[in-house]
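A structural walkthrough
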Amino acid sequence: MSQSILHSPLSLGTVQLRNRVALAPMAGLTDVPFRTLAWRFGAGHMVSEMVASKLDLWHTQKSQLRREVLPCAAPMAVQMAGNDPVVMAETARRLVDEGAALIDINFGCPAKKVCRRAAGSALLADLDRVAAIVESVAAAVPVPVTVKTRTGLTPDDRLGVAAARVAEQAGARMVVMHGRSRACKFAGAVRLAPVGEARGDLSIPLLVNGDIEDMHGAAYALQQSRADGIMIGRGAIGQPWIFQVLAGGVEPSVAQRLRIMCEHLDHMHTFYGLQQGVRIARKHVQAYLRRLGAEGLIRDFMRLDTAFAQLTWLGALTESTILEQQHTLDVNSSLVANSIPC
């Protein structure tokens, strides 16, 4: 598949995605502040952090924050996890009532706390239940239902490919496949052959996911999988502008990146409150600094324990970087001017 296809819309029944570069749902990372940036930089599809289908958790702060609607982005897609088809159907109805325009079902999470509840990727061991869940949810809501899965339980099986077929037959309108098994978690090389196998079996769109961090990674994943688009997970953390780059835009300068960091930091403090926002901000700022090659600054930032201290520290770093870049430009301009003969 040509990489240029990434910029075209993708239809999922009554819903259209503005392009084929999606942001993966990642608990504790792709929250409202991060998704706001990703959408502004050109993400074509975004799915909320995973929401548990247990109705007794509906009114917890964590669940409510994860379900918050982003007015700037459409369609509003929410991912949910669970193993009871009836309960998941009811959860889906509630999500649609709150504004969700697309429901995504998690059959891919390898985390122990999810799998030991027979949810996430653990469901790949029970394809009948996968079918029952998708069928129940699809029948309960008037919006498209999508699924996210892995290649299987182990590197040697193809249960993820079978689950994709089952999900389509049960009413799913799109499949996203991570190119690793449950056993692999996030270690080792992504295996794209099973994703390509699934692409050959499906008549609905398929997105490929796993270790896509730049233009080269996107092109390789598309070529090897023949998928209809890509979903970026950890490759977007610390560089939400990757969607702009994949659309042919330029990477922001260091000073511009620092300004984006300041905006992101302020949004986290506002969204979560000063105390929780300080804690959540640490993992994002660490990721930004690593991608800037400034790992030596991480320890200094981690010591900061108030929102004011975090904003002041990052503001000072931004200001000093801008002044340093301006000084370099002035020196270079002077050297060029002095080299011009009279």
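That block above? That's the structure.
In this text the structure is predicted, and so the values were computed from the model without any measurement.

**Quick look at the overall build of the chain**
When helices and strands are tallied, the chain shows 13 helices and 11 strands. In terms of overall dimensions, the chain is globule-like: its C-alpha atoms have a radius of gyration of 22 Å, near the 20 Å expected for 342 residues. Dimensions of the chain, computed from C-alpha atoms along their principal axes, come out at roughly 80 × 45 × 35 Å. By residue count, 54% of the 342 residues in the chain fall in the buried class. Relative to all contacts within the chain whose residues are 6 or more apart in sequence, the contacts with residues 24 or more apart total 68%. Carbon and sulfur atoms make up 54% of the accessible area of the chain, which totals about 15100 Å². Positive and negative side-chain charges in the chain, numbering 36 and 30 respectively, have mean positions lying 4 Å apart.

**A look at the pattern of salt bridges**
A full pass over the atoms with the stated rule returns 14 salt bridges. Between arginine 93 and glutamate 90 there is a salt bridge, with the nearest N and O atoms lying 3.2 Å from each other. Here arginine 93 pairs with glutamate 90, and both are found in helix H3 (residues 85-97), just 3 residues apart, close to one helical turn. Of the residues examined, glutamate 90 reaches a relative accessible area of 26% and is grouped as partly exposed. Connected via shared salt-bridge partners are Glu90, Arg93 and Arg94.

**Some thoughts on the nonpolar core**
Counting residues in each nonpolar core, the largest one holds 90 residues, and the members touching the most others are Ile103, Ile105, Val137, Ile230, Ile232 and Phe243. In terms of residue count, the dominant contributor to this core is helix H10 (residues 254-272) (7 residues). By size, the runner-up hydrophobic cluster in this structure holds 13 residues, among which are Leu10, Ala24, Met174 and Met231.

**Things to note about the sheet that holds strand E11 (residues 229-232)**
Ordered by their spatial adjacency, 9 strands build an open sheet running E4-E3-E11-E10-E9-E8-E7-E6-E5, and the pairing between neighbours is parallel. Looking at the sheet topology across the chains shown, the edges are occupied by strand E4 (45-46) and strand E5 (51-52). Bridge count between strand E3 (residues 21-23) and E11: 3 bridges; the pairing is parallel. The partner of leucine 23 across the bridge, within E11, is isoleucine 232.

**Remarks on the packing of aromatic side chains**
Per the stated rule, a full pass over the model turns up 3 aromatic pairs. Ring geometry for phenylalanine 271 against tyrosine 272: centres 4.9 Å apart, planes inclined by 85 degrees, an arrangement best described as edge-to-face. Exposure class is identical for phenylalanine 271 and tyrosine 272. Each is buried. The ring of tryptophan 39 has arginine 18 sitting right over it, with the charged end atom 3.6 Å from the ring centre. Sitting above the plane of the phenylalanine 186 ring, arginine 150 keeps its charged end 4.9 Å from the centroid.

**Re the pairing of E11**
Neither face of E11 is exposed, since Gly229 and Met231 on one face and Ile230 and Ile232 on the opposite face are all buried. Relative to E11, strand E10 (residues 206-209) is paired through 3 bridges, and the arrangement is parallel. Directly across from leucine 207, in E11, lies its bridge partner glycine 229. Between the parallel elements E10 and E11, the chain passes through helix H8 (residues 215-225) in a crossover that is right-handed.

**Remarks on H8**
For H8, the set of buried residues is Gly217, Ala218, Ala221, Leu222 and Ser225. Down the axis of H8, the sector holding all buried residues measures 130 degrees, keeping them to one side. H8 presents His216 and Gln223 as exposed residues on the side facing more than 90 degrees away from its buried surface. Of the surrounding elements, those touching the buried residues of H8 are helix H7 (193-201), E10, E11 and helix H9 (242-246).

Criteria and cut-off values
Residues numbered from 1 in each chain as written. Predicted model: local features only at pLDDT ≥ 70, side-chain atom pairs only at ≥ 80, totals over all residues. Heavy atoms only, no water. Helix = DSSP H or I, 4+ residues; strand = E, 2+ residues; numbered from the N terminus. Rg over C-alpha atoms; globule rule 2.2 N^0.38 Å. Buried < 20%, exposed > 50% of the residue type's maximum accessible area, 1.4 Å probe, protein only. Contact = heavy atoms within 4.5 Å. Areas by Shrake-Rupley, 256 points an atom, 1.4 Å probe, with all protein chains shown as cover. Lys, Arg positive; Asp, Glu negative; His and termini not counted. Charge placed at Lys NZ, Arg CZ, Asp CG, Glu CD. Salt bridge = Lys/Arg side-chain N within 4 Å of Asp/Glu carboxyl O. Core = buried A, V, L, I, M, F, W, Y, C linked by side-chain atoms within 4.5 Å. Pairing = 2+ DSSP bridges. Phe/Tyr/Trp six-rings, centres within 6.5 Å; stacked < 30°, edge-to-face > 60°. Lys NZ or Arg CZ within 6 Å of the ring centre and 35° of its normal. Right-handed = clockwise from strand over helix to strand, strands pointing away. Arc of directions from axis to C-beta.

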